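Residues per chain are reported as follows:
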Amino acid sequence: MILMSPPCQPFTRIGLQGDVTDPRTNSFLYILDLLPRLQKLPKYILLENVKGFEVSSTRDLLIQTIGSCGFQYQEFLLSPTSLGIPNSRLRYFLIAKLQSVPFPFQAPGQVLMEFPQTESEHPQKHAIDAGKKIEEKKIEEKKIEPNICFDSSTQRSGKEAILFKLETAGEIDRKRQQDNDLSVRMLRDFLEDDVDMNSYFLPPKSLLRYALLLDIVKPTSRRSTCFTKGYGRYIEGTGSVLQTTEDVQIENIYKSLTNLSQEEKITRLLMLQLRFFTPKEIANLLGFPPEFGFPEKTTVKQRYRLLGNSLNVHVVAQLIKILCE
């Protein structure tokens, strides 16, 4: 089995989408060149990358190469929420098997949005027509996908009225729907019991500067945004923060916030007792086992960086299980 996770920067807007011309793609292109010349081909292939890879020229070359080698394949865009995990981490996956018989769930030319056992009943509902890749890509560039990781700032379209914080009515409604999805577990199931919260509280300076940009969740929430390698160091777009005073209503804190003095703003925001998720809590959301840990000399900053570059263990395990059945 070959497990691959090529550099993702050539396929993101942040990386300027260099695609096949980006030098960071060279190692993967070398593998694609080598694959047809192997005396013994691997039986299984699993590849992961960011959303955006599915509309790249590199992906087209991958499909052409494994097809010529006799692999049956299926592509996916999956997030841990499909497995009931309250964390959005949308990723592209491809599984391929060296066989002449197609997968029982195989949908040629489609990128499945659910695991096979759930999408087989309504295959069209959870698929993207590959023939519309270019059009989909243009549409995607005009909006922000809530499940994608970004380390840099993002902008609103300006077409919807902004309510409290920098959120539109549509965004607030989407979050409420996520919190009402009983198929997804609550965040409290993934939190540590004996956390020294003082080490993870957001400082007043950060609260004052980024108050309108924070994605705030509670232990009872059934969602959280993607945690990136900049989490804990940068605020905007790097992951959700946890509100530890659950009886305080966010709407009440943010009401007329912009009209207050700096001291009054800080006083009000501190009532939420917002803290970062700990590295252990993020590892829990990513599916690492309870006994997982880092070497003692690994700093908190380094732990966040490593976790931000990680995959969700449960998603990959499920795909390997499907691939090897």
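Note that the structure is predicted; figures quoted are calculated from it, not measured.

A. Looking closely at the UniProt feature "active site" (unreviewed entry) in the protein chain. Residues annotated in UniProt with the feature "active site" (unreviewed entry) correspond here to C8. Here C8 shows up in the loop between β1 (2-4) and α1 (26-34). Residue C8 is classed as partly exposed on the basis of its relative accessible area of 29%. Among all residues touching C8, those that are not within four sequence positions of it are N49 and V50.

B. Representation of the sheet that holds strand β9 (residues 274-275). Strand order in the open sheet made by the three strands is β7-β8-β9, with mixed pairing throughout. Only two strands of the sheet have a single partner each, and these edge strands are β7 (216-217) and β9. With two bridges joining them, strand β8 (residues 241-243) and β9 adopt antiparallel strand pairing. Considered in β9, the bridge of L242 is made with R275.

C. Inspection of the pattern of salt bridges at higher detail. Counting across every chain of the model gives eleven salt bridges. What emerges from the salt-bridge pattern is a single network uniting R59, D60 and E75.

D. Focus on the confidence of the model for the protein chain. Averaged over every residue, the pLDDT of the protein chain is 85; the share at 70 or more is 83%. In this model residues 118-163 is a low-confidence stretch, pLDDT under 50, and it forms 76 contacts with partners more than four residues away in sequence or in other chains.

E. Quick peek at the packing of α1 against helix α2 (residues 57-68). It is at 10 Å that the axes of α1 and α2 come closest, and there the two elements cross at 20 degrees. Classified by the angle between their axes, α1 and α2 sit roughly parallel to one another. α2 is crossed by α1, and the crossing has left-handed handedness. Contacts from F28, L29 and L32 in α1 reach T58, L61, L62 and T65 in α2. Its residues assigned to classes, the contact of α1 with α2 comprises five nonpolar, two polar and no charged.

F. Here's a closer look at the packing of aromatic side chains. One pass over the structure, following the stated rule, counts eleven aromatic pairs. Of the aromatic side chains, those joined through ring pairs into one cluster are F227, Y231, F276, F277 and Y304.

G. Region of interest: the pairing of strand β2 (residues 44-50). Counting buried residues along β2, seven of its seven residues qualify, which places the element largely inside the surrounding structure. Here β1 runs beside β2; their pairing, made up of three bridges, is parallel. Bridged to L3 within β2 is L46. In the sheet, β2 pairs with strand β4 (residues 91-98) via seven bridges, with the strands oriented antiparallel. Across the sheet, Y44 pairs through a bridge with K97, a residue of β4.

H. Focus on the nonpolar core. Ranked by size, the top nonpolar core spans 34 residues in total, and within it L214, Y254 and F277 carry the most contacts. Listed by contribution, the elements that provide at least two residues to this core are α6 (204-210), β7, β8, α7 (250-254), α9 (279-285) and α10 (300-308). When residues no more than four places from it in sequence are discounted, the contact partners of F277 are L187, L191, Y200, V217, F227, Y231, S240, V241, L242, I282 and Y304.

I. Quick look at unusual backbone geometry. In the Ramachandran plot, D19 falls in the positive-phi region, its phi being about 55 degrees despite a non-glycine side chain. Looking at the secondary structure, you find D19 in the loop between β1 and α1. With relative accessibility at 13%, the residue D19 sits in the buried group. In this structure, Q273 is a non-glycine residue whose phi angle is positive, near 50 degrees. As for its placement among the helices and strands, Q273 is situated in the loop between α8 (262-270) and β9. Its relative accessible area of 34% is what places Q273 among the partly exposed residues.

The rules behind the values
Residues numbered from 1 in each chain as written. Predicted model: local features only at pLDDT ≥ 70, side-chain atom pairs only at ≥ 80, totals over all residues. Heavy atoms only, no water. UniProt positions renumbered as here; feature names shortened; annotations may be inferred. Helix = DSSP H or I, 4+ residues; strand = E, 2+ residues; numbered from the N terminus. Buried < 20%, exposed > 50% of the residue type's maximum accessible area, 1.4 Å probe, protein only. Contact = heavy atoms within 4.5 Å. Pairing = 2+ DSSP bridges. Salt bridge = Lys/Arg side-chain N within 4 Å of Asp/Glu carboxyl O. pLDDT = per-residue confidence, 0-100. Axes fitted to C-alpha atoms, helices over the stretch in contact; angles between N-to-C directions. Parallel < 35°, antiparallel > 145°, perpendicular 65-115°, else oblique. Left-handed = near helix turned anticlockwise from the far one by under 90°. Nonpolar A, V, L, I, M, F, W, Y, C, P; charged D, E, K, R; others polar. Phe/Tyr/Trp six-rings, centres within 6.5 Å; stacked < 30°, edge-to-face > 60°. Core = buried A, V, L, I, M, F, W, Y, C linked by side-chain atoms within 4.5 Å.

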